[in-house]
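Examination of the molecular architecture
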Amino acid sequence: MPSDSALRIVWIYPDLLSTYGDQGNVLVLERRARLRGIDTETVHVRSADPVPETGDLYLIGGGEDRPQILAAERLRRDGGLHRAIAGGAVLLAVCAGYQIMGSTFGGEEGQPVDGIGLLDISSSRGPARAVGELVAEVDAALNLPTLTGFENHMGVTHLGPGVKPLSKTLVGIGNGDGFEGCYTGHVVGTYLHGPALARNPALADLLLSWCAGDLAPLDDSRYEALRQERLAAVLPD
Amino acid sequence: MTQLPLRAQLASALGRSAATLSRMTGRGDGSVIGGRVGLLLEPDLLRKLARDRKLALISATNGKTTTTRLVTSALLELGEVATNAFGANMPAGHVSALSQHKGAPYGVLEVDEKYLPEVLDTTGAGVVCLMNLSRDQMDRAAEIWLLAQKWRRALSGKPTHVIANCDDPLVTWGASTAAKVTWVAGGQRWKEDSWCCPECGGPLDRKDADWACRECTFHRPEPQWAVDDDVAIDPNGERWLLDIQLPGAANRSNAVMALAVADAFGVPVERALPRLREVTSVAGRYTTVERDGRYARLLLSKNPAGWLEAFDVADPQLPIILAVNAQGPDGRDTSWLWDVDYRILRGRPVFVTGQRRLDLALRLDVADVPFMLCDTFNEALAMQPPGRVDVIANYTAFQQIRSEFGRAV
Ligand SMILES: [Zn+2]
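Residues numbered from 1 in each chain as written. Chains lettered and ligands numbered in written order. Predicted model: local features only at pLDDT ≥ 70, side-chain atom pairs only at ≥ 80, totals over all residues.

**A few points about the overall build of chain A**
Along chain A, the regular secondary structure elements total 7 helices and 11 strands. For chain A, the C-alpha radius of gyration of 17 Å lies close to 18 Å, the compact-globule estimate for 237 residues. Within chain A, contacts between residues separated by at least 24 positions form 71% of all contacts whose residues are at least 6 apart in sequence. (Helix = DSSP H or I, 4+ residues; strand = E, 2+ residues; numbered from the N terminus. Rg over C-alpha atoms; globule rule 2.2 N^0.38 Å. Contact = placed C-beta atoms within 7 Å.)

Put into structure tokens, the structure is as follows:
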């Protein structure tokens, strides 16, 4: 298949923000696209390089405080991601990458640091680290099964009127206000690792369908076995 | 030789009997519980036990236990050595190790990366050996950039002699505030945590082993020691065939680090190297256990960099059993499995077990690596044809397997 018909996945700054297995989101998207005969082409954009504007699906992951601040500075200066999203591209932003998308987030000492303003959210440093399994019911409009994953962050995220909560938490902290993550248009933010798309293949398919339209169903028994085990481990009987 | 005040002697003796009890009841190697009892009674015990001894602290994300063992073997050339041989690498373990060898003039202590500043302050160790830093058990471990920053602060203004791996940029940064550093080109297989300059955040340019920041002056220091395949190169440029029994490139690197540490203690390569060659397994790592004609070689790997090292050791001709847990010491977040490239296992018979086998199963499925899912290690072992098999397990999975075979060492 010629490369102009392939699904273009852009992984933003793996050199700064990929310390929590977030590469898994890329791998799951590639795999689920290919199993449906959709060719993929993945670009790993290092932080010294410009973010291409012609991608279909952008991913950004989690990381330490200092790399998070560096990533925000560079994304703002670069502008490529802003132009891609304005052009209708899909984005999944995870943890530190999620916080960056807002107006501000908490730095190394809790000081407010400017985000890149792609989402109407603002984050600050919370009182304690939120670490552990998270379970949440996804906003009904998205028609997705229960969200499961692992959170590990110190952020509290406040959602503005320009976004909707992605889900309502049953177990775990998430944004810190009873909700986990947010979305607007084709941009999704979440605190979830696990990685998020390995634990929630339906969310992976939602992102893919935003790029490629209707998708044939897959045999998801491996995903389902893991999901059931994780949900059973933390949900009360 | 260490004359302890009475209260410290009592604390140390009570700690030893708790350790004996722990071993007798089969609950562990006894090294942590003994130290904990001791520390409760005498918080300053570690300082007192360390006094008047020549100490080396060994720290890294991977290879701490093995390198501690290698350095200990080399220093036995000089006399009795106190060491925490079983990987109890926090202050309680150090107290336990030092109080079990009261008269030992030398000590080699494996130190958890996070505890290094505290243990260095407390013990005033003269030598510190730093090998590598990479992502590890993210749900509880300190973040590594921050960790290297703390090493810098701890080493600054002390007379400590540091032996550090200059092929790892983050280790180099962490070590470079020390008054005296011996740089060892120990190699770096896992590079995913060092694409950015620790000093300024700029991109690191790499050419072969060399690296330098594109935006500031931070660069790889000139090494005094180096590892070149199975050869150690000493500061005089002399080449020594390592020929150690521990397998893999990571252990050849550990061995050269150990030779440099031994040299700092005045043990020359010609005396240290034969001692390193005597080491065949380390607290169960690399040991082979047998059941019903199945010979399983046990490899421990706790994080993505460790898996890369284990894949380097594993025999591509053999079947392989993978066991993954996510208990406290392993980290409860299994996301790291997605940082490991499992595609190297394609074409081998692969067996998956451990408490988090479903996480690993999905991971392998997405990597297009066929495998068999087994409820237990014993089931996986019984499925093997008679002969050899490699086993890679993370921390608690490894300890469970070791226990099955009478805490194999
Ligand atoms: Zn720099």
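Still more to cover.
**Structural notes on the overall build of chain B**
Broken down by element type, chain B carries 14 helices and 17 strands. When each of the 409 residues of chain B is scored for burial, the buried share is 56%. Long-range pairs, those at least 24 residues apart, make up 68% of the contacts in chain B with a sequence separation of at least 6. (Buried ≥ 20, exposed ≤ 12 C-beta atoms within 10 Å, placed from the backbone.)

**Some points on the sheet that holds strand β3 (residues 106-110) of chain B**
Consider a sheet: its strands pair through backbone hydrogen bonds, and that pairing is either parallel or antiparallel. All names here are of chain B. In spatial order, the strands read β2-β3-β1-β4-β5-β6-β9-β10-β11; together these 9 strands make up an open sheet with mixed pairing. Two strands bound the open sheet, and with one partner strand each, they are β2 (81-83) and β11 (239-241). Taking the axes of each pair of neighbouring strands and ignoring which way they run, one obtains an average angle of 20° across the sheet. The pairing of strand β6 (residues 180-185) with strand β9 (residues 225-228) spans 2 bridges and is parallel. (Pairing = 2+ DSSP bridges. Axes fitted to C-alpha atoms, helices over the stretch in contact; angles between N-to-C directions.)

**Thoughts on the UniProt feature "active site" (unreviewed entry) in chain A**
Under the local residue numbering, the UniProt record ascribes the feature "active site" (unreviewed entry) to C95 and H193 of chain A. The named residues occupy 99 residues along the chain; their greatest pairwise C-alpha distance, 7.8 Å, places them in one compact cluster. The residue C95 of chain A is located in the loop between β4 (90-94) and α4 (96-100) in this model. The exposure class of C95 of chain A is buried, given the 26 C-beta atoms found within 10 Å. Once residues within four sequence positions are removed from consideration, C95 of chain A is found in contact with Y20, G61, G62, H153, Y191 and H193 of chain A. Topologically, H193 of chain A is positioned in the loop between β11 (187-190) and α5 (196-199). Setting aside residues up to four positions removed in sequence, H193 of chain A forms contacts with Y20, G21, D22, G62, V94, C95, G149, F150 and N152 of chain A together with D333 and S335 of chain B. (UniProt positions renumbered as here; feature names shortened; annotations may be inferred.)

**Considering the nonpolar core**
Grouped together as the largest cluster of nonpolar side chains are 193 residues, with contacts concentrated most on Y58 of chain A together with L57 and V261 of chain B. When residues of this core are assigned to domains, at least three fall in each of domain 1 (53-277) and domain 2 (288-404) of chain B. With sequence-adjacent residues up to four places away left out, Y58 of chain A is seen in contact with V10, I12, L81, A84, A89, V90 and L91 of chain A. (Core = buried A, V, L, I, M, F, W, Y, C linked by C-beta atoms within 7 Å. Domains from an automatic or database assignment.)

**Some remarks on the UniProt feature "binding site: Zn(2+)" (unreviewed entry) in chain B**
All names here are of chain B. Taking the UniProt record as the reference, the feature "binding site: Zn(2+)" (unreviewed entry) is found at C197, C200, C213 and C216. Taking the farthest pair of C-alpha atoms as the criterion, the annotated set spanning 20 residues converges on one region, since that pair is 8.5 Å apart. Residue placement: C213 occurs in strand β8 (residues 210-213). As for its placement among the helices and strands, C216 is situated in the loop between β8 and β9. If near-sequence neighbours (up to four positions away) are discounted, C216 is found in contact with C197, E199, C200 and G202.

**Observations regarding the pairing of β8 of chain B**
Residues and elements named next belong to chain B. Where strand β7 (residues 204-207) lies against β8, 4 bridges are found, and the strand directions are antiparallel. Looking at β8, one finds that R206 is bridged to W211. Here β7 hands over to β8 after 2 residues, with D208 in that stretch at a positive phi of 50°.

**Points about the interface of chain A and chain B**
Listed per partner, the contact involves 29 residues of chain A and 22 residues of chain B. Every element with two or more residues in the side of chain A that touches chain B is listed here: α1 (23-34), α2 (65-78), β8 (147-159) and α7 (221-234) of chain A. A class-by-class count of the residues in the side of chain A that touches chain B yields 14 nonpolar, 8 polar and 7 charged. (Nonpolar A, V, L, I, M, F, W, Y, C, P; charged D, E, K, R; others polar.)

**Describing the environment of S403 of chain B**
Mapped onto the secondary structure, S403 of chain B falls in helix α14 (residues 395-404). Residues S403 of chain B and G284 of chain B, 119 residues apart in the sequence, show an inter-C-alpha distance of 9.9 Å.

**Structural notes on the packing of helix α4 (residues 64-75) of chain B against helix α10 (residues 269-277) of chain B**
Residue and element names in this part refer to chain B. At a minimum axis distance of 8 Å, the contact between α4 and α10 shows a crossing angle of 130°. Considered as vectors, α4 and α10 are oriented oblique to each other. Of the two possible hands of crossing, α4 and α10 adopt the one that is right-handed. From α4, L70, S73 and A74 reach across to α10, where they touch A272, R275 and L276. Along the lines of polarity and charge, the residues of the contact of α4 with α10 split into 4 nonpolar, 1 polar and 1 charged. (Parallel < 35°, antiparallel > 145°, perpendicular 65-115°, else oblique. Left-handed = near helix turned anticlockwise from the far one by under 90°.)

**A word on unusual backbone geometry**
Residue P195 of chain A is bonded to the preceding G194 of chain A through a cis peptide linkage, with omega at -10°. With respect to the element layout, P195 of chain A can be found in the loop between β11 and α5. We note that D229 of chain B has phi near 55°; this positive angle belongs to a residue other than glycine. Position of D229 of chain B relative to the elements: it lies in the loop between β9 and β10 (231-233). Overall, D229 of chain B belongs to the exposed group, with 8 C-beta atoms counted inside 10 Å. Here the phi dihedral of D368 of chain B falls at roughly 60°; this positive angle occurs in a residue that is not glycine. You can see D368 of chain B is positioned in the loop between α12 (357-366) and β16 (372-373). What makes D368 of chain B exposed here is the crowd of 11 C-beta atoms within 10 Å.

**Description of the packing of α7 of chain A against α12 of chain B**
Between α7 of chain A and α12 of chain B, the least distance of the axes is 9 Å, while the angle of their chain directions is 155°. Compared by their axis directions, α7 of chain A and α12 of chain B come out roughly antiparallel. For α7 of chain A against α12 of chain B, the interelement crossing comes out left-handed. In this structure, α7 of chain A uses R222, Y223, A225, L226 and E229 of chain A to contact α12 of chain B, whose residues at the interface are L358, D359, A361, L362 and D365 of chain B. A breakdown of the residues in the contact of α7 of chain A with α12 of chain B according to their chemical character gives 6 nonpolar, no polar and 4 charged.

**Describing the pairing of β8 of chain A**
All names here are of chain A. Among the 13 residues that make up β8, 10 are buried, leaving the element largely enclosed by the rest of the structure. Pairing between strand β7 (residues 121-138) and β8: 12 bridges, direction antiparallel. If you follow S123 over to β8, its bridge partner there is T157.

**Some details on helix α6 (residues 116-123) of chain B**
All names here are of chain B. When we look at burial in α6, the residues that qualify are L116, V119, L120 and T123. Mapping the buried residues of α6 onto a view down its axis gives an arc of 100°, with all of them on the same face. Looking at the buried residues of α6, the elements they touch are α3 (45-50), β1 (54-59), α5 (91-100), β4 (127-130) and α7 (144-155). Phi turns positive one or two residues past the end of α6, at G124, with a value near 60°. (Arc of directions from axis to C-beta.)

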